Amino acid sequence: MKTLSNSPLKWPSAGRSLGILVAVVAVLWLWLQLPDFYRAGHSASETGQWLTELVYNDWTALALMLGANVLVARYTTAPMWRLGHSIELQGMRGAFVFVLGMLFHLVVAGCGVAVLVLGSGWLETGA
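The paragraphs below set out a description of the structure included in this document. Within any chain, residue numbers begin from 1 and follow the written order of that chain's sequence. Confidence filtering applies because this is a predicted model: local features only for residues at pLDDT of at least 70, side-chain atom pairs given and counted only at 80 or more, and all residues used for totals across whole chains, interfaces and linings. Hydrogens and water are ignored here; the side-chain numbers use all heavy atoms of the structure.

Here we come to the overall build of the protein. By the criteria applied, helices consist of DSSP H or I runs no shorter than four residues and strands consist of E runs no shorter than two, each listed in order from the N terminus. Looking only at helices and strands, one finds five helices and zero strands in the protein. Reading the protein from its N end, one meets helices and strands in the order α-α-α-α-α. Residues are treated as being in contact if the distance between any of their heavy atoms lies within 4.5 Å. Considering only contacts within the protein whose residues lie at least 6 apart along the sequence, 71% involve residues at least 24 apart. Summed over all atoms, the accessible surface of the protein reaches about 9200 Å², with 70% contributed by carbon and sulfur. Each accessible area value is a Shrake-Rupley result obtained with a 1.4 Å probe; residue values ignore everything except the protein chains displayed when judging cover.

If you want it as structure tokens, here you go:
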């Protein structure tokens, strides 16, 4: 039986955390490009319209942004936060990945607020 005192302390990897961050950003970018990819290979059809409505739906976008934030928080920001101030263990790599994770959270949260404001009709034009 392994006890906590016998197990070595395992520090999070900045490379793994950065890889997860890049993968999440790539999935978000691919999601936004999906309707254009479909339209490039098919003529205008009902499926293309349905796919466009699904991708650009407010609730789908919010769910995707929330899921992306949770994944980045769990696997990128939190491990780098636990790394603490031990810069000598990983140099500035951990701090760099942590800052990128925080920027991701700020940008995605800002986009989420924009989707909520625009989707709710708070900014209606009186034309």
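I20, L21, V24, L28, A61, L62, M65, A68, V72, F104 and V108 form the largest nonpolar core, which has 11 residues in total. Put simply, the parts of the chain that give this core at least two residues each are α1 (14–41), α3 (58–83) and α5 (93–120). Here this core gets five residues from one element, more than from any other, and that element is α3. If we skip the residues at most four places from it in the chain, L28 touches L64, A68 and F104. Put simply, a nonpolar core is a bunch of buried Ala, Val, Leu, Ile, Met, Phe, Trp, Tyr and Cys residues held in one set by side-chain atoms that sit within 4.5 Å of each other. Accessible area is worked out with a 1.4 Å probe on protein chains only. A residue is then buried under 20% of its type maximum, exposed over 50%, and partly exposed in between.

Cavities and pockets were defined on a 1 Å grid built from protein atoms only: a cavity is a group of points that admits a 1.4 Å probe but offers it no way out, a pocket is an open group of points flanked by protein on both sides within 12 Å along at least five of seven lines, and a lining residue is one with an atom within 4 Å of any such point. Grid points are joined across faces, edges and corners, and a volume is the space filled by probe spheres set on the points. Put simply, the largest pocket is a space of about 360 Å³. Along the wall of the largest pocket there are 17 residues; nearest its centre are L28, L32, L64, M65 and C111. Each residue is assigned to one of three groups, with Ala, Val, Leu, Ile, Met, Phe, Trp, Tyr, Cys and Pro labelled nonpolar, Asp, Glu, Lys and Arg labelled charged, and all others, Gly among them, labelled polar. Here the residues of the lining of the largest pocket sort into 15 nonpolar, one polar and one charged.

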